[in-house]
Amino acid sequence: MEKINTTRQQTLRDSETLSPWQKGSFTLNATTDKITGETVYDALVVGGGITGLTTALLLQKQGKQTILAEARTIGFGTTGGTSAHLNTFFDATYADVESDFSEADAKLLANCGKEAFSMIRDLSQDHNIACDLEIKDGYLYAETDEEVKILDDILTASQKAGIEVFEADDNGVKVPFKKSIVFKKQGQFHPLKYIYGLAKAFIEAGGVLLEDTFIRETSFADGVHLAKGDSVTIKAKNLVYATHLPPGINVFDFNCAPYRSYVIGVKLKNEADYPDCLSYDSKEPYHYFRGHTVDGQKYLLVGGEDHKTGHEDPDAAFDTLEKYIRNYYDVDEVAFKWSSQYYVPTDQLPFIGQMPMGDDNLYMATGYNGNGMMFGTIAGKMISDAILGKENEYADLFNPSRIKPVAGFMDFVKENADVAYRFVADRISAESINSLKDLESDTGTIVKYEGEKLAVYKDADGKITALNPTCTHAGCIVCFNHAEKSWDCPCHGGRFDIDGKVLTGPPRMDLQKVDIE
Ligand code: FES
């Protein structure tokens, strides 16, 4: 099969804002030959982020002929916008897992974190991936008495689970604190350097990587999955959705809520202020800190201000986060501002494995919370093990078919009530306008114009693009994200660019363009 050598100076992402990972040169030998549809691959992996590439590489190395289809370019989704912390503690704390699941499950989760970390280290060593992988201390700190109590519980439960964590007299950053604990042997890396390395290794092992290949529909018959893109048909015995939410309407539309998180990268006036650690406060949502050097320049990266996709103002989130940073640091320059999407599962643990009520040999992975690099890596191991017929010790804990009516049950009810409310409310509210000339430049809005509801965007030159605002997934009404110049769906996090093209699933079809005078 013919390969083309593609070098990108800057990779693409599902958002207008740039993450620091997008700078730099990335080379890939992608396939150019048309896939004939005759070959039956052992596995088709849909999605070219850390989950998809880890799964594809592990399968290909074990002799399973694997093809990976990415709708845009690899790292286009959340992997290109992560803040790339590698932790052995998670958004689901060991204290939570011990009380909602069991003490044994908390220990299992601790093993999972250690194994994911070792996998990233080993894969980067085995395949000579220079991905700026560094081992750091990770501080978690409390600023109030109430937070101190929670931190004490986390410390006790984490130690019980087998994690190396101690009380500390520092928190690594310039935020005053009452109590701090330090998790040893945490890490950070450059996520795009890492996954481009995985992609290169996958291709060298004989895997087929297709970019710009959006799988629009799939079917299953006689033990073979048939996947259709705009110009390609692929047959495979196993199908893996490494796309966060799997497409179509399914139980994960109700079990996982989409959130956006915001990160700002700043240059500091004082060299000594750059942290040599990872650090996290105990707020809800929490702030996270780390440093990274890109092209010889140090940056302080600070994240937070998370909210449900399509439910709050992204510009306001960036403003609040920038004020927060300036409150503690002498900022020389704001170099990067970007946001990215993740999915919060109702019982706090991810869903990884065979798709419930799905076709045979159909796998999915979602609900990583803010720990996508770790869970994406372990998902690669779990799904490749399942396809290879190997047992995996985390299969039950992360089983997508599990029912946990206790843990997260109230959140489950609230999330779904919220989505249902939004679904109904948005279907009846829209500002009526008489003339499209009245619209503000460089912004988008939902309007009622000549009796029709439209999603209209007017660019800086006055050019107007009008779309049908009904999300092609389940019919909610999209809303405009000014910071990312995208139309975001408040129901399940589907996102579209200003021309209506899908940026983020679960929708598989673009928003319909509407011709207006
Ligand atoms: Fe489900 Fe839009 S993402 S309705």
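Predicted model only: the values in this text are computed from it and were never measured. (Residues numbered from 1 in each chain as written. Predicted model: local features only at pLDDT ≥ 70, side-chain atom pairs only at ≥ 80, totals over all residues. Heavy atoms only, no water.)

Another point: the overall build of the chain. Counting its secondary structure elements, the chain contains nine helices and 27 strands. Computed over its C-alpha atoms, the radius of gyration of the chain comes to 23 Å, within 12% of the 24 Å expected for a compact globule of 517 residues. Taking the principal axes of its C-alpha atoms as reference, the chain extends roughly 65 × 55 × 50 Å. Within the chain, buried positions represent 58% of all 517 residues. Of the contacts made within the chain by residues no fewer than 6 positions apart, 69% connect residues no fewer than 24 positions apart. Accessible surface for the chain amounts to roughly 21100 Å². Of this, 47% is attributable to carbon and sulfur atoms. (Helix = DSSP H or I, 4+ residues; strand = E, 2+ residues; numbered from the N terminus. Rg over C-alpha atoms; globule rule 2.2 N^0.38 Å. Buried < 20%, exposed > 50% of the residue type's maximum accessible area, 1.4 Å probe, protein only. Contact = heavy atoms within 4.5 Å. Areas by Shrake-Rupley, 256 points an atom, 1.4 Å probe, with all protein chains shown as cover.)

Quick look at the nonpolar core now. Counting 83 residues, the largest nonpolar core has Tyr94, Tyr194, Ile378 and Phe398 as the members making the most contacts within it. With 10 residues, the top contributor of residues to this core is helix H3 (residues 103-126). If you look at the next biggest cluster of nonpolar residues, it comprises 23 residues, including Tyr41, Val232, Phe351 and Leu362. (Core = buried A, V, L, I, M, F, W, Y, C linked by side-chain atoms within 4.5 Å.)

Relative to the elements of secondary structure, Gln186 occurs in strand S8 (residues 179-188). Owing to a relative accessible area of 0%, Gln186 belongs among the buried residues under this scheme. Side-chain polar atoms of Gln186 contact the side chain of Asn87, separated by 3.4 Å. Within the structure, the side chain of Gln186 is placed 2.8 Å from the backbone oxygen of Lys184, a separation counted as a polar contact. With residues near it in sequence (within four places) discarded, Gln186 still touches Leu86, Asn87, Thr88, Phe89, Phe117, Glu134, Ile135, Lys136, Asp137, Gly138 and Leu278. (Polar contact = N/O pair within 3.5 Å; in protein donor to acceptor, adjacent residues only side chain to side chain.)

It is worth spelling out helix H5 (residues 191-204) at this point. With 14 residues, H5 extends 20 Å between its outermost C-alpha atoms, agreeing within 8% with the 20 Å of an ideal straight helix rising 1.5 Å per residue. Taking burial as the measure, the 14 residues of H5 include 11 buried ones, the bulk of the element. Of the residues flanking the end of H5, it is Gly206, one or two places downstream, whose phi is positive at about 105°. (Expected span 1.5 Å × (residues − 1).)

Along the chain, Glu284 connects to Pro285 via a cis peptide bond; the corresponding omega equals 0°. Tracing the sequence through the fold places Pro285 in the loop between strand S14 (278-280) and strand S15 (288-294). The omega angle of the peptide bond from Gly505 to Pro506 is 15°, so this bond is cis rather than trans. Notably, Lys185 is not glycine yet its phi reads approximately 55°, a positive angle. Within the fold, Lys185 resides in strand S8. The backbone of Asp222 shows a phi angle near 50°, a positive value even though the residue is not glycine.

Alternating residues of strand S4 (residues 66-69) divide into Thr66 and Leu68 and Ile67 and Ala69, and every residue in both groups is buried. Where strand S3 (residues 40-46) meets S4, four bridges bridge the pair, whose relative direction is parallel. For Val46, the partnering residue across the bridge sits in S4 and is Ala69. The handedness of the S3 to S4 crossover, carried by helix H1 (residues 50-61), is right-handed. (Pairing = 2+ DSSP bridges. Right-handed = clockwise from strand over helix to strand, strands pointing away.)

Turning to the state of the cysteines, a few remarks are in order. Across all of its chains, the model carries one disulfide by this definition. Across the disulfide, Cys476 is cross-linked to Cys491 (sulfur-sulfur distance 2.0 Å). Looking along the S-S bond of the Cys476-Cys491 disulfide, the torsion reads about -85°, which is the left-handed sense. Separated by 15 residues along the polypeptide, Cys476 in the loop between strand S23 (464-467) and strand S24 (479-481) and Cys491 in the loop between strand S25 (486-488) and strand S26 (495-497) bring together distant segments of the chain. Of all cysteine sulfurs, the one in Cys112 lies closest to Cys131, which takes part in no disulfide; the gap is 19 Å. (Disulfide = S-S within 2.5 Å.)

Looking now at the pattern of salt bridges. A side chain with one charge can pair with a side chain of the opposite charge if their charged atoms come near. Applying the stated criterion across every chain, the model contains 30 salt bridges. Linking Lys107 and Glu103 is a salt bridge whose minimum nitrogen-to-oxygen distance equals 3.9 Å. With Lys107 and Glu103 both in helix H3 and four residues apart, the pair spans about one turn of that helix. Looking at Glu103, the relative accessible area reads 37%, which means it is partly exposed. One connected set of salt bridges, linked through shared partners, spans Asp14, Asp488 and Arg495. (Salt bridge = Lys/Arg side-chain N within 4 Å of Asp/Glu carboxyl O.)

Helix length check: helix H4 (residues 145-161), at 17 residues, gives a terminal C-alpha distance of 24 Å against a target of 24 Å (1.5 Å per residue), a fit within 8%. Along H4, the residues that are buried comprise Glu147, Val148, Leu151, Ile154, Leu155, Ala157, Ser158 and Ala161. A positive phi of about 100° marks Gly162, the residue just after H4.

Turning next to the sheet that holds S25. Backbone hydrogen bonds hold the strands of a sheet together, and the pairing may be parallel or antiparallel. On the basis of which strands lie adjacent, the open sheet formed by four strands has the order S24-S25-S26-S27 and antiparallel pairing. One side of each edge strand has no neighbouring strand; the edge strands of this open sheet are S24 and strand S27 (502-504). On average, each strand axis in the sheet is inclined to that of its neighbour by 35°, with strand direction left out of account. Relative to S26, S25 runs antiparallel, the two being bridged by three bridges. If you follow Asp488 over to S26, its bridge partner there is Arg495. (Axes fitted to C-alpha atoms, helices over the stretch in contact; angles between N-to-C directions.)

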